[in-house]
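# Summary of the model geometry
Each chain, written out:
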Amino acid sequence: MSEKIGVYVCHCGTNIAGTVDVKGVAEWAAEHLKHRGVVIGREYKFMCSSLGQELVEKDIKELGLTRVIVAACSPHLHEKTFRTACKNAGLNPYLCEMVSIREQVSWVHTDKVAATEKSKAAISGGVERVIHNEPLEPIQVPIHADTLVVGGGIAGIQAALEIADAGYHVCLVEREPSIGGHMAQFDKTFPTLDCAACILTPKMVEIGSHPNITLLTWSEVEKVDGYVGNFKATIRKKASYVNTDTCTGCGICWEKCPKKVVDDVYEAGLGIRKAIYRPFAQAVPKYPVMDVENCTYFKNGKCKACQLFCPTEPNSINFEQKDEILEIQAGNIILATGYDLFDAKRIPQYGYGKLPNVFTSLEFERMCNAAGPTEGRVVLRDMKTAPKSVVIVHCVGSRDENYNKYCSSICCMQSLKFAHLVMERTGAEVYNCYIDIRTPSKDYEEFYKRVLEEGGHFIRGKVAEVTDSARLPEEEGKLIVQVEDTLIGKQRRIPVDMVILSAGIEPRHDAKEVGKLFGIACGASGWYTEKHPKLDPVATMTEGIYIAGCVQGPKDIPASVAQGAAAAARVLGKIQQGVIALEPIKASINETQCSGCRICNGLCPFNAIAFIEDDKVSSINPALCQGCGTCVAACPAGAISGTGFSDQQIIAQIDGLLLKNLEEPVAA
């Protein structure tokens, strides 16, 4: 055996050593795998420490090691650490192999003898595999300095401003007529009760006027090609039927438009707008768009009131305007497309849509807003009567086995804010029906105590039903909330005038389709999957694609802003490098074996495989490929192989795991 292999086994404090005889495993490897090239077996309390790395570097130099095995935690955590140590000592970093004996052994076993034996087998497999490893070099890819940000909510706005302020160009794409997202619909923001518009509008205005930002509202990304450093996005800019070069945003067009439409988007169904409209007064950009489905002219060819009364010269209304298809290049992409609110109609026992004075959280937000349909007055559906008693139902659609099992993060604080606003504006009796109060962020607990001191009532229990079926005289004409108060162990029926359903948040309805467009995956709950939930929450498994805000999971405004800035920082780091080194662990296709069946094309989760019509074979873009191996396993002709995961390596590792390599070869 010509290779010289060093085996290093980590204690990881007691994470591994508590279940595995680490010293015994290291000694076993040095003794029983000597004939397979192992020249040294060491154990150390923390191999990832500077001293542990220096131990590896010293042995490479002094013993002339040609291969290294580190038995420790997941490669996902420290593969880069030990590859760097090998590189520092002059050994190609891809001749280092990690064996996970923490996640795959010590954390899943309690029997120390069995765990120790399994560790030996895992190391044996790693030794056989590393023998067949080949020296590799990273792929160098230049980075285009422009960035595409998709989504104009607060996370996307923050990300775009951070990058633009650093001097680099950003293209911000938003599907609605204005940026601002859900935050633009809110009245107050917890826990400081800042006016949402007051703190959001300056950022929106800055986006609209920033010299380094191209703002594309009323637009959607239809196609994404390329790879990190060199993405090409195809964007459809929908026809607004308004010439923005001449439009002044004066508002005469929507004032004169005779067609009224219920605003189900911005006003949550509580208000109306016109067929030509600007979503809200502070919208950026300031220009209106045409609602073709409701416009009288597009339906029957008559009207054109907006065009007739438009004061600009030339006329800004253009009924012949068509969609534009734009192509932009970007080195990196940030997805910040936000969330959808849980549809409260899915829980029929809460009465939303049947009982008039049951409101959703977004409806209540618009009601509280001074620019909303009631000008900030808290009233019943008759739009004039103030409620004297209100129940706020927490966790609607969240923490529920029938809908979403996760906590939506914002519901408790949102409900406390509602309680404060109701009491402040109406003096009504307010009841909060909650499962658990969760107020973990800065100053949140103080806000909870403030609402308690203001006289808010709290009932710990999940609401079973909201009904208008009265049993007692005092319940006549009221909404009755049936709930078990678990703190006193009793069922309660609470008659009130208004019920507010604090709806949870969900992934966007088209999150999976959008994820597929950008080559990233969703988790079981529908949120986009990050590269690492703790150490890399803004990157994805597709290099160059980052996520920010609620696309990654439920979070409040401060967390969304922080994540938008974090994604921007990652992008700026890539831009300033100029060139990025990509992992050389890629798949490749033997064209002589490829039958052109195209099975791999549809299976690749990163859209890295294209079919070449002229040659009738598939081809892999190494810059897009993430080395996941899906195509390798699926290819019926066996034409695809994975660098670092060849059949020879896998079979050798299996033989090692089965300890077939323990017998020394008999001399001839």
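Since this is a predicted model, take the numbers as computed values, not measurements.

### Regarding the packing of helix H12 (residues 411-426) against helix H13 (residues 444-453)
Running from amino to carboxyl end, H12 crosses H13 at an angle of 35°, the nearest separation of the two axes being 10 Å. The chirality of how H12 crosses H13 is left-handed. When H12 is examined against H13, the residues Met413, Leu416, Lys417, Ala419, His420 and Met423 are found in contact with a partner set consisting of Tyr444, Phe447, Tyr448, Arg450 and Val451. Here the contact of H12 with H13 is built from residues that sort into eight nonpolar, one polar and two charged.

### Some details on unusual backbone geometry
With omega at 5°, the peptide bond leading from Val284 into Pro285 counts as cis. Here Pro285 is to be found in the loop between strand E15 (276-277) and strand E16 (289-290). Here the bond from Glu313 into Pro314 is cis, since omega is 0°, no more than 30 degrees from zero. Structurally, Pro314 is set in the loop between helix H10 (305-309) and strand E17 (324-330). Look at Cys12: it is not a glycine, yet its phi comes out positive at around 50°. By the secondary structure assignment, Cys12 is in the loop between strand E1 (5-10) and helix H1 (22-32). Overall, Cys12 belongs to the buried group, its relative accessible area being 14%.

### So, the sheet that holds strand E12 (residues 230-237)
Strand order in the open sheet formed by three strands is E11-E12-E17, and the pairing between neighbours is antiparallel. For this open sheet the edge positions go to strand E11 (219-227) and E17, each flanked by a neighbour on one side alone. Each neighbouring strand pair of the sheet contributes to a mean axis angle of 20°, computed without reference to strand direction. Bridge analysis of E12 against E17 gives seven bridges, and the strand direction is antiparallel. Bridge assignment links Thr234 to a residue of E17, and that residue is Glu327.

### Considerations on the domain arrangement of the protein chain
Annotation of the protein chain at the domain level lists domain 1 (5-136), domain 2 (137-238 + 324-338 + 508-580), domain 3 (241-322), domain 4 (341-505) and domain 5 (587-643). Of note, the centres of domain 2 and domain 5, computed from C-alpha atoms alone, are 30 Å apart. On the side of domain 5, eight residues touch domain 2, which itself brings ten residues to the contact. Interface of domain 2 and domain 5: buried area, both sides summed, is about 670 Å²; carbon and sulfur atoms make up 57% of it. For the domain 2 face of the interface with domain 5, the top three residues by lost area are Tyr227, Gly519 and Met541, together amounting to 46%. Taken together, domain 2 and domain 5 are joined by zero salt bridges. Where domain 2 meets domain 5, there are one residue pair in polar contact (both at pLDDT 80 or more).

### Side note on helix H5 (residues 112-131)
Since the α-helix turns once every 3.6 residues, residues separated by three or four places project in the same direction. Compared with an ideal rise of 1.5 Å per residue, which puts 20 residues at 28 Å, H5 spans 29 Å between its outermost C-alpha atoms and is within 8% of the ideal. Summarising burial for H5: 15 of the 20 residues are buried, a large majority.

### Overview of the pattern of salt bridges
A full pass over the atoms with the stated rule returns 34 salt bridges. Residue Lys223 pairs with Asp225 through a salt bridge whose shortest N-O separation is 3.7 Å. Among the residues examined, Lys223 registers a relative accessible area of 44% and is labelled partly exposed. For Lys405, the salt bridge is made with Glu401, and the minimal N-O distance between the two is 3.7 Å. Residue Lys405 is classed as exposed on the basis of its relative accessible area of 61%.

### A look at the packing of aromatic side chains
As enumerated under the stated definition, the model contains eleven aromatic pairs in all. Here Tyr241 and Phe298 contribute two aromatic rings whose centre-to-centre distance is 4.8 Å and whose plane-to-plane angle is 55°, an arrangement assigned as tilted. Taken together, the positions of Tyr241 in the loop between E12 and helix H8 (252-256) and Phe298 in helix H9 (residues 296-300) put the pair 57 residues apart, joining distant regions of the chain. By relative accessible area, Phe298 is classed as partly exposed at 27%. Ring pairing ties together the aromatic residues Tyr241, Tyr297, Phe298 and Phe319, which thus form one cluster. For the cation-ring pair, Lys256 lies above Phe309, with the distance from its terminal atom to the ring centre recorded as 5.1 Å. One residue, Arg381, lies across the ring of Phe359, its end atom 4.1 Å from the ring centre.

### What to know about the packing of H5 against helix H18 (residues 647-657)
Interaxial distance between H5 and H18 falls to 7 Å at its minimum, and their mutual angle equals 150°. As far as their axial angle goes, H18 and H5 are roughly antiparallel. The two elements H5 and H18 meet at a crossing, and its hand is right-handed. Counted together, Ala121, Ala122, Ser124, Gly125, Glu128 and Arg129 of H5 and Gln649, Ile650, Ala652, Gln653, Gly656 and Leu657 of H18 form the full contact between these two elements.

### Side note on the sheet that holds strand E10 (residues 213-216)
Overall, parallel pairing links the five strands, which are arranged E10-E7-E6-E18-E29 in an open sheet. Because the sheet does not close on itself, it has two edges, and the strands there are E10 and strand E29 (545-547). Within the sheet, the average angular offset between the axes of one strand and its neighbour, ignoring direction, is 20°. As defined by bridge partners, strand E6 (residues 147-150) adjoins strand E7 (residues 170-173) across four bridges and the pair is classed as parallel. By the bridge assignment, Leu148 is partnered in E7 with Cys171. Against the sheet, helix H6 (residues 154-165) engages E6, E7, E10 and strand E18 (332-335), with an angle of about 165° to E7.

Rules used in this analysis
- Residues numbered from 1 in each chain as written.
- Predicted model: local features only at pLDDT ≥ 70, side-chain atom pairs only at ≥ 80, totals over all residues.
- Heavy atoms only, no water.
- Axes fitted to C-alpha atoms, helices over the stretch in contact; angles between N-to-C directions.
- Helix = DSSP H or I, 4+ residues; strand = E, 2+ residues; numbered from the N terminus.
- Left-handed = near helix turned anticlockwise from the far one by under 90°.
- Contact = heavy atoms within 4.5 Å.
- Nonpolar A, V, L, I, M, F, W, Y, C, P; charged D, E, K, R; others polar.
- Buried < 20%, exposed > 50% of the residue type's maximum accessible area, 1.4 Å probe, protein only.
- Pairing = 2+ DSSP bridges.
- Domains from an automatic or database assignment.
- Buried area = accessible area lost by both parts, 1.4 Å probe.
- Salt bridge = Lys/Arg side-chain N within 4 Å of Asp/Glu carboxyl O.
- Polar contact = N/O pair within 3.5 Å; in protein donor to acceptor, adjacent residues only side chain to side chain.
- Expected span 1.5 Å × (residues − 1).
- Phe/Tyr/Trp six-rings, centres within 6.5 Å; stacked < 30°, edge-to-face > 60°.
- Lys NZ or Arg CZ within 6 Å of the ring centre and 35° of its normal.
- Parallel < 35°, antiparallel > 145°, perpendicular 65-115°, else oblique.

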